[in-house]
Amino acid sequence: MIRHHPDKNMLLEYTVGSLPEGPNLIVAAHVQMCTECRAQYHTMNTLGGSILENCTEQSLKENAFEQLMGRIDQSPAPKGNTAADRPKISEPLLNDAPPVVHKLLAKNPPIKWKSITPALKMCRLSTGQDKYEVSFHRLSCGGKVAEHDHRGAELTLVLYGRFSDSNGVYGRGDFLLREPGEVHRPTVTEDQECLCFSAVQAPVALTGVNGWLLNRLIPFHPG
Ligand SMILES: [Zn+2]
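For clarity, every value in this text was computed on a predicted model and none was experimentally measured. (Residues numbered from 1 in each chain as written. Predicted model: local features only at pLDDT ≥ 70, side-chain atom pairs only at ≥ 80, totals over all residues. Heavy atoms only, no water.)

1. Topic: the sheet that holds strand 7 (residues 168-170)
Strand order in the open sheet formed by three strands is 7-6-10, with antiparallel pairing between adjacent strands. Because the sheet does not close on itself, it has two edges, and the strands there are strand 7 and strand 10 (187-188). Inspection of the sheet shows strand 6 (residues 163-165) paired to strand 10 by two bridges, in the antiparallel sense. Of the residues in strand 10, the one forming a bridge with F163 is V188. (Pairing = 2+ DSSP bridges. Helix = DSSP H or I, 4+ residues; strand = E, 2+ residues; numbered from the N terminus.)

The following block contains the structure:
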């Protein structure tokens, strides 16, 4: 059961197509996994549509058409888009990932994990923008990530497994937003690995014992 969702404002920004591409991907993936947010998305879309119908042509923004097409492109998958319909991917933990993730995978080279610490691997994804680093993070069973704070926003969606931090436990489909200045230390449950999809606005600053070293080992590569 999904317990953690984007807030209403973020969902509204997603619906009208005003989120930057990095966060947009994470929210789109959550909406595709979450019936609750999908229902809200459809309600907001319907309301937005009726407002647009009452607008004059001149009052529409110049890029309204592109925004609309972008929304359609990332809207929840139609029925029938099952795992069996998709091309095979190299990472079994992503088999049940939502369509927007599979679409991104199709545009990227096969997944190559880079070890950051013994418990943490990551794979950066190319998304055609330079404001956010979009990547997968894979944590081993019982793994702990060095305590870190955030210089920019970090949006995370759990695609597989579970992890916890001082604020709660996060399972498949749960969405987290960490604001600049927040400190946390995610720990994975012992029973299975955890795989997350995230967009990071600026380099995270590791504050623990190994933080100084790791800050130099994890360069920031948006795109
Ligand atoms: Zn939700």
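Let's pick the thread back up.
2. Structural notes on the coordination of the zinc ion
Within the first shell, the zinc ion binds the protein through H5 (ND1), H30 (NE2), C34 (SG) and C37 (SG), at distances of 2.0 to 2.3 Å. Geometry at the zinc ion is tetrahedral, judged from its four donor atoms and the angles of 98 to 116° they form at the metal. Here the donor residues of the zinc ion share one chain and are spaced in sequence as H-x24-H-x3-C-x2-C. Placement of the pair is H5 in the segment before helix 1 (8-16) and H30 in helix 2 (residues 21-33), with a sequence separation of 25 residues. Its relative accessible area of 24% is what places H5 among the partly exposed residues. (Donors = N, O, S within 2.8 Å, 3.2 Å for Na, K, Ca; no water. Tetrahedral: all angles 85-135°; square planar, octahedral: opposite > 155°, others 65-115°. Buried < 20%, exposed > 50% of the residue type's maximum accessible area, 1.4 Å probe, protein only.)

3. Notes on the packing of aromatic side chains
Counted under the stated rule, the structure contains three aromatic pairs. Taking the centre distance of 5.2 Å and the plane angle of 35° together, the rings of F163 and Y170 count as tilted. (Phe/Tyr/Trp six-rings, centres within 6.5 Å; stacked < 30°, edge-to-face > 60°.)

4. Here we look at the packing of helix 2 against helix 5 (residues 99-107)
The geometry of helix 2 relative to helix 5 is characterised by a closest axis approach of 7 Å and an angle of 135° between their N-to-C directions. Considering their axes alone, helix 2 and helix 5 lie oblique with respect to each other. Residue-level contacts link L25, A28, A29 and Q32 of helix 2 to P99, V100, V101 and L104 of helix 5. Its residues assigned to classes, the contact of helix 2 with helix 5 comprises seven nonpolar, one polar and no charged. (Axes fitted to C-alpha atoms, helices over the stretch in contact; angles between N-to-C directions. Parallel < 35°, antiparallel > 145°, perpendicular 65-115°, else oblique. Contact = heavy atoms within 4.5 Å. Nonpolar A, V, L, I, M, F, W, Y, C, P; charged D, E, K, R; others polar.)

5. A word on the state of the cysteines
Summed over all chains, the structure comprises zero disulfides. Free cysteine C141: the closest other cysteine sulfur is in C194, separated by 10.0 Å. For C141, a relative accessible area of 40% puts it in the partly exposed group. Residue C194 stays outside any disulfide, its sulfur separated by 3.9 Å from that of C196, the closest cysteine. (Disulfide = S-S within 2.5 Å.)

6. Some points on the pattern of salt bridges
With the rule as written, the count across this model stands at six salt bridges. The salt bridge involving E91 is made with R138; its shortest N-O contact spans 2.7 Å. In this pair, E91 sits in the loop between helix 4 (64-73) and helix 5 while R138 sits in strand 3 (residues 133-139), placing the two residues 47 residues apart along the sequence. With its nearest N and O atoms 3.1 Å apart, the salt bridge here joins D191 to R162. Within this pair, whereas D191 is found in the loop between strand 10 and strand 11 (194-200), its partner R162 is found in the loop between strand 5 (154-160) and strand 6, the two being separated by 29 residues in sequence. Taking the relative accessible area as the measure of exposure, R162 reaches 34% and is therefore partly exposed. If you follow the salt bridges from partner to partner, you end up with E91, R138 and E193 in one network. (Salt bridge = Lys/Arg side-chain N within 4 Å of Asp/Glu carboxyl O.)

7. Notes on the nonpolar core
Of all hydrophobic cores here, the largest spans 36 residues; its most connected members are V27, L94, V101, F136, L159 and F197. Taken together, domain 1 (8-85) and domain 2 (92-217) each give at least three residues to this core, which thus spans both. Membership of the second largest hydrophobic core comes to twelve residues, among which are L120, V145, F163 and C196. (Core = buried A, V, L, I, M, F, W, Y, C linked by side-chain atoms within 4.5 Å. Domains from an automatic or database assignment.)

8. Some details on the side chain of N108
Of note, N108 is situated in the loop between helix 5 and strand 1 (114-117). Here N108 falls in the buried class, since its relative accessible area comes to 11%. Of the polar contacts made by the side chain of N108, one reaches the backbone oxygen of L104; its length is 3.0 Å. When near neighbours in sequence (up to four residues on either side) are disregarded, N108 contacts R124, L125 and S126. (Polar contact = N/O pair within 3.5 Å; in protein donor to acceptor, adjacent residues only side chain to side chain.)

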